[in-house]
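# Coordinate inspection notes
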Amino acid sequence: QHLAGDLAAMLADTKESPKWRNYCVQILYDCYLKTGHPDIPDTIFQAAFSDEKQVVICALWSLARMATTKAESRLPEKDFIERIHQVCLAALQDEKAEMLVRVAGVQSCALMKLPETLPACRTIIQDDNPKLAYLRMVAVAAIGDLGDQTDVATLQKLATAAKAPL
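Rules and cut-offs
- Residues numbered from 1 in each chain as written.
- Predicted model: local features only at pLDDT ≥ 70, side-chain atom pairs only at ≥ 80, totals over all residues.
- Heavy atoms only, no water.
- Helix = DSSP H or I, 4+ residues; strand = E, 2+ residues; numbered from the N terminus.
- Buried < 20%, exposed > 50% of the residue type's maximum accessible area, 1.4 Å probe, protein only.
- Arc of directions from axis to C-beta.
- Contact = heavy atoms within 4.5 Å.
- Core = buried A, V, L, I, M, F, W, Y, C linked by side-chain atoms within 4.5 Å.
- Patch = residues over 30% accessible without salt bridge, like charges linked within 9 Å, V, L, I, M, F, W, Y side chains within 5 Å.
- Areas by Shrake-Rupley, 256 points an atom, 1.4 Å probe, with all protein chains shown as cover.
- Salt bridge = Lys/Arg side-chain N within 4 Å of Asp/Glu carboxyl O.
- Lys, Arg positive; Asp, Glu negative; His and termini not counted.
- Charge placed at Lys NZ, Arg CZ, Asp CG, Glu CD.

### Regarding unusual backbone geometry
With a phi angle near 60°, Lys113 is a residue other than glycine that sits in the positive phi range. Tracing the backbone shows Lys113 in the loop between α6 (99-111) and α7 (117-124).

What follows is the structure, given as structure tokens:
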């Protein structure tokens with residue numbers, strides 16, 4: 001419990017580097033799986049609102065993993081899982097967010113098998129902005145995992161376009 005408290009303090013200390021704070025989130029997640037310390041989920045949830053993209057990305061992914069853990073004793077309450085869903089969906093849908101934060105949102109939502117992910121992913125794959133190429137690839141993967149028959153034609157069209165010579 002001392003470790004979790006120390007990590008939470010370092011995570012809250014903005015004098016620490018974003019890289020170190022990212023590590024704090026990772027280790028806190030592992031501590032939660034091992035100890036079930038009740039303060040850790042809220043601490044990681046608050047990290048999802050950091051100004052540092054590395055910390056946000058790690059927090060989103062850690063929360064999604066928490067919401068999908070196979071260890072039933074570590075599965076958060078339903079209302080907390082709903083909060084996780086909402087923060088990950090918000091990251092995905094925020095067009096002003098850093099691209100990698102949006103990627104983490106897509107991947108986290110796909111891990112949690114959220115069908116609410118699909119409308120935003122369908123919009124993303126239609127955007128031909130070269131700066132969003134990686135986000136588009138992740139959105140395609142999410143649609144492949146979560147989509148239905150109505151997505152097949154669009155995915156085939158994208159696959160054909162990707163094979164076309166430049």
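What follows continues from the structure just given.
### Observations concerning helix α3 (residues 40-47)
Those residues of α3 not exposed but buried are Ile40, Pro41, Ile44, Phe45 and Ala47. Considered in projection along α3, the buried side chains sweep an arc of 155° and stay on one side of the axis. Packing partners of the buried residues in α3 comprise α1 (2-12), α2 (18-35), α4 (53-67) and α5 (78-93).

### A closer look at the nonpolar core
Ranked by internal contacts, the top residues of the largest apolar core, which has 51 residues, are Val25, Ile44, Leu60, Leu63, Leu92 and Val106. Put simply, the parts of the chain that give this core at least two residues each are α1, α2, α3, α4, α5, α6, α7 and α8 (133-146). For this core, the leading source of residues is α4, giving nine residues. Sequence-distant contacts of Leu63, that is, excluding residues within four places in its chain, are made with Pro41, Ile44, Phe45, Ala48, Phe80, Ile84 and Val87.

### A closer look at a negative patch on the surface
A grouping of Asp94, Glu95, Asp127 and Asp128 is seen on the molecular surface, where their side chains present a negatively charged patch. Inspection of the secondary structure puts Asp94 in the loop between α5 and α6. Asp94 sits in the partly exposed class, given a relative accessible area of 35%.

### Overview of the environment of Gly105
Along the chain, the position of Gly105 falls in helix α6. Distance from Gly105 to Trp61, taken between C-alpha atoms, is 7.9 Å for residues 44 residues apart in sequence. Contacts of Gly105, omitting those with residues within four sequence positions, involve Leu60, Cys88, Ala91 and Leu92.

### Re a nonpolar patch on the surface
On the surface, Leu3, Trp20, Tyr23 and Ile27 cluster together to form a nonpolar patch covering roughly 340 Å² of accessible area. Among the elements that make up the nonpolar patch, the one with the highest residue count is α2 (three residues). Mapped onto the elements, Tyr23 comes out in helix α2. Accessibility expressed as a relative area gives 35% for Tyr23, which makes it partly exposed.

### As for the pattern of salt bridges
Side-chain pairs of opposite charge can arise whenever the charged atoms involved come near each other. Per the stated rule, a full pass over the model turns up four salt bridges. One salt bridge connects Lys53 with Glu98, and the closest N-O pair in it is separated by 3.7 Å. Placement of Lys53 in helix α4 and of Glu98 in the loop between α5 and α6 is noted, with a sequence separation of 45 residues between them. Looking at Lys53, the relative accessible area reads 37%, which means it is partly exposed. Classification of Glu98 as partly exposed rests on a relative accessible area of 45%. Between Arg122 and Asp151 there is a salt bridge whose closest N-O contact spans 2.7 Å. Here Arg122 is found in helix α7, whereas its partner Asp151 is found in the loop between α8 and α9 (152-163), with 29 residues between them in sequence. Since its relative accessible area comes to 6%, Asp151 is described here as buried.

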